[in-house]
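Chain and residue survey
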Amino acid sequence: MTILDGKQTANDIKTELAVRVDQLILQGKRSPHLAAVLVGNDGASLTYVGSKVRSCERIGYESTLIQLPEETTEAELLQQIDRLNANAAVDGFIVQLPLPKHIDEEKVLMAIDPDKDVDGFHPTNFGKMALDMESFIPATPYGIMELLRRYQIDISGKHAVVIGRSHIVGRPMSILLSRKSSPGNATVTLTHSRTKNLAAITKEADIVVSALGVPNFLKGNMVKKGAIIIDVGITRVPDSSHPKGYVITGDVDYERVKEKASFITPVPGGVGPMTIAMLLQNTYLAYSRHADV
Ligand code: NAD
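Here's a quick rundown of the structure. What you are looking at is a predicted structure, and each value in this text was computed from that prediction instead of being measured.

Among the 19 residues in the neighbourhood of the ligand, the closest are listed as R165, S166, S193, I234 and T275. Contacts to the ligand include R165, whose backbone N or O atom sits 2.8 Å from an oxygen atom. Contacts to the ligand include T275, whose side-chain N or O atom sits 2.7 Å from an oxygen atom. With the chains in place, 70% of the 860 Å² that the ligand exposes on its own is no longer accessible. Per element, the largest residue contribution to the shell around the ligand is 3 residues, and it comes from helix α10 (residues 271-290). Taken together, the residues that form the shell around the ligand break down as 9 nonpolar, 9 polar and 1 charged.

Below, the structure written as structure tokens:
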């Protein structure tokens with residue numbers, strides 16, 4: 001069994017990007033610039049945005065964090081997005097989800113210029129991805145594909161089962177796994193909350209990508225021997241013995257499942273760090289389209 005070390009792989013990617021930034025600076029060019037918009041004070045969102053900004057700083061990107069109060073109106077947020085769309089010094093930006101209930105998420109995502117949509121959530125980018133055209137690919141599934149690529153895991157012709165059909169993870173994951181590319185060419189089953197006999201399906205899988213957000217959902221008896229297991233889940237489970245008062249837990253019953261798996265991602269240290277690395281990668285792509293690199 002091999003542990004797919006997302007932390008190390010993400011660090012490798014960041015180092016590669018940092019080298020590129022150094023070269024840009026030596027050539028007298030500006031560095032890539034990522035902006036992030038955060039509305040409200042959700043603890044998990046603050047943590048995610050914080051680590052995105054810190055990662056930018058570490059590799060020499062410019063970063064801007066725009067923190068707006070919970071009461072921000074939809075119109076005010078849309079104005080902020082217009083300003084970022086128009087700002088030539090910003091290569092790409094993200095609006096951290098989830099947004100407060102009074103703001104229409106779809107309207108906000110639609111307002112982002114697809115050329116700056118480094119999260120890859122705009123329909124233009126999603127459509128291009130589905131049509132095998134160059135686009136910004138949502139960072140979490142992109143990170144999983146990159147992990148498979150760097151570990152040289154061949155999934156061609158294999159049966160991949162994705163659990164969860166969200167627009168940011170499960171759905172794009174199912175598209176990428178089935179694309180005619182490498183890695184890719186898998187035969188994909190996309191499962192969700194209405195799926196019947198899920199265990200019978202996962203037991204047949206050569207690769208399982210679990211993205212539902214239920215701690216320890218995927219048990220040892222739900223996977224076959226030799227399966228490749230990718231755990232996307234991140235749930236804060238209360239734990240008074242931990243200084244933070246919670247532990248980050250994945251969807252996979254790691255201790256049992258790792259006994260059967262050929263490859264497995266840990267939580268934390270698996271998919272999570274890869275997500276940030278691929279956001280930085282997308283920002284570089286946005287930069288290279290805007291600037292004359
Ligand atoms: P979501 O809540 O939008 O979607 C969950 C999906 O799981 C839904 O499509 C639902 O149909 C499915 N589902 C729920 N219960 C099910 C069941 N019993 N059987 C089968 N399917 C079921 O979630 P999301 O935004 O895709 O996130 C999923 C998990 O991944 C969460 O824990 C989230 O925190 C985590 N996440 C991690 C990263 C990362 O970087 N590692 C990024 C995004 C999300």
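Next comes the rest of the write-up.
A few words on the layout of surface pockets. The calculated volume of the second largest pocket comes to roughly 330 Å³. For the second largest pocket, the full set of lining residues is L97, P98, E105, E106, L109, M110, F121, H122, P123, F126, H167 and I168. Looking at the lining of the second largest pocket, the elements that each hand over two or more residues are α4 (105-111) and α5 (123-130). Looking at which element gives the most residues to the lining of the second largest pocket, the answer is α4, with 4 residues. Counted by class, the lining of the second largest pocket contains 8 nonpolar, 2 polar and 2 charged residues.

Turning to the packing of helix α2 (residues 43-59) against α10, a few remarks are in order. The axes of two packed helices give the description: the angle between them and the distance between them. Viewed as axis vectors pointing N to C, α2 and α10 meet at an angle of 60°, and their least axial separation amounts to 10 Å. In terms of their interaxial angle, α2 and α10 are classed as oblique. As for the relative orientation of α2 and α10, their crossing is right-handed in sense. On α10, the residues touching S51, K52, S55, C56 and I59 of α2 are I276, L279 and L280. In the contact of α2 with α10, the residues fall into 5 nonpolar, 2 polar and 1 charged.

With that settled, the discussion passes to the sheet that holds strand β7 (residues 207-210). Backbone-to-backbone hydrogen bonds pair the strands of a sheet. The strands run either parallel or antiparallel. An order of β1-β11-β8-β7-β5-β6 is seen for the 6 strands of this open sheet, with the pairing classed as parallel. The open sheet has two edge strands, β1 (2-3) and β6 (187-191), and neither has a second partner. Direction of pairing for β7 relative to strand β8 (residues 228-231): parallel, over a ladder of 4 bridges. Bridge pairing in β8 places S210 opposite D231.

Parameters and conventions
- Residues numbered from 1 in each chain as written.
- Predicted model: local features only at pLDDT ≥ 70, side-chain atom pairs only at ≥ 80, totals over all residues.
- Heavy atoms only, no water.
- Near = heavy atom within 4 Å.
- Polar contact = N/O pair within 3.5 Å; in protein donor to acceptor, adjacent residues only side chain to side chain.
- Areas by Shrake-Rupley, 256 points an atom, 1.4 Å probe, with all protein chains shown as cover.
- Helix = DSSP H or I, 4+ residues; strand = E, 2+ residues; numbered from the N terminus.
- Nonpolar A, V, L, I, M, F, W, Y, C, P; charged D, E, K, R; others polar.
- 1 Å grid on protein atoms, 1.4 Å probe; cavity = no way out; pocket = protein on both sides within 12 Å on 5 of 7 lines; lining within 4 Å.
- Points joined across faces, edges and corners; volume = space filled by probe spheres on them.
- Axes fitted to C-alpha atoms, helices over the stretch in contact; angles between N-to-C directions.
- Parallel < 35°, antiparallel > 145°, perpendicular 65-115°, else oblique.
- Left-handed = near helix turned anticlockwise from the far one by under 90°.
- Contact = heavy atoms within 4.5 Å.
- Pairing = 2+ DSSP bridges.

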